[in-house]
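# Structural overview
Single-letter residue listing:
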Amino acid sequence: MLFVSAIREELGALPGEPLGVGPVVAAIRMATLLERLQPRAVCFIGTAGAYAGGPAVGTVIASRRVGLSPSVAVMGLGYVPRPPRPVESDRSLLDRLELPRADVLTVSAITTDPTLMARLSDGWQVEHMEAYGVGLACHKAEVPFVAVLGIANRVGPDAHTEWLENQASAQDAARAAAGRLS
């Protein structure tokens, strides 16, 4: 099992590799690690925000599927001719984790606008910045993947303040849950 995260601090004492922040950086670094290390499976560990009606702050979830948001298209300001399909998480990893499952939408920036938040949340419970890039790289390499995310905040105008208050405990909880895969 290869544990990965956006930044080293999210891994804590778990052995693993930081990927960097954002979906593109994470995808490129993940693809490089997959080729070099050839892991049997990958678990991404991090913190995330919940959309209205999503999991409560303090909850740890496992990704059922991860998708990528074309934010400009969601706002009606452009279109995506062939939007990328969501990536399903590995069922055997999900079963081993025994965590609540949620659909995770990857965005390129933390959503603070209530109108955008409402449009993005349609069909998704959780917002995160790297999960899709990691999941897509694993999918292309045919390596089982799951994301384990501690919910640190609600998506919206107060997301950053709430994340600052809860990120340490959310990281600890996500690490502890992911440790079941060791």
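Quantities reported herein were computed from a predicted structural model and do not represent experimental measurements.

Attention shifts here to the pairing of strand 3 (residues 42-50). In terms of burial, strand 3 is a largely internal element, nine of the nine residues being buried. Where burial is concerned, the two faces of strand 3 agree: the one with Val42, Phe44, Gly46, Ala48 and Ala50 and the one with Cys43, Ile45, Thr47 and Gly49 are both buried. Relative to strand 3, strand 1 (residues 2-5) runs parallel, the two sharing three bridges. Directly across from Val4, in strand 3, lies its bridge partner Phe44. Bridge count between strand 3 and strand 8 (residues 145-154): nine bridges; the pairing is parallel. Residue pairing for strand 8: Ala48 is matched across the bridge by Ile151. Relative to strand 7 (residues 126-128), strand 3 runs antiparallel, the two being bridged by two bridges. Each residue of the ladder has a partner; that of Ala50, found in strand 7, is Val126.

A separate point is the pairing of strand 6 (residues 101-106). With respect to burial, strand 6 is a largely interior element, five of its six residues being buried. Judged from the six bridges that link them, strand 4 (residues 60-68) and strand 6 form a sheet pairing that is parallel. Within strand 6, the residue paired with Ala62 across the bridge is Arg101. For strand 6 and strand 7, the ladder comprises three bridges, and the chain directions are parallel. Each bridged residue has a counterpart across the sheet, and for Thr106 the counterpart in strand 7 is His128. Read as a crossover between parallel neighbours, the route from strand 6 over helix 5 (residues 114-120) to strand 7 is right-handed.

Our next topic: the layout of surface pockets. Of the volumes computed, that of the largest pocket is approximately 430 Å³. The wall of the largest pocket is formed by 20 residues, among which Thr47, Ile110, Met129, Glu130 and Trp163 lie closest to the centre. Every element with two or more residues in the lining of the largest pocket is listed here: strand 3, strand 7 and helix 7 (159-178). Take the lining of the largest pocket: its biggest share by element is five residues, from helix 7.

Analysis parameters
- Residues numbered from 1 in each chain as written.
- Predicted model: local features only at pLDDT ≥ 70, side-chain atom pairs only at ≥ 80, totals over all residues.
- Heavy atoms only, no water.
- Buried < 20%, exposed > 50% of the residue type's maximum accessible area, 1.4 Å probe, protein only.
- Helix = DSSP H or I, 4+ residues; strand = E, 2+ residues; numbered from the N terminus.
- Pairing = 2+ DSSP bridges.
- Right-handed = clockwise from strand over helix to strand, strands pointing away.
- 1 Å grid on protein atoms, 1.4 Å probe; cavity = no way out; pocket = protein on both sides within 12 Å on 5 of 7 lines; lining within 4 Å.
- Points joined across faces, edges and corners; volume = space filled by probe spheres on them.

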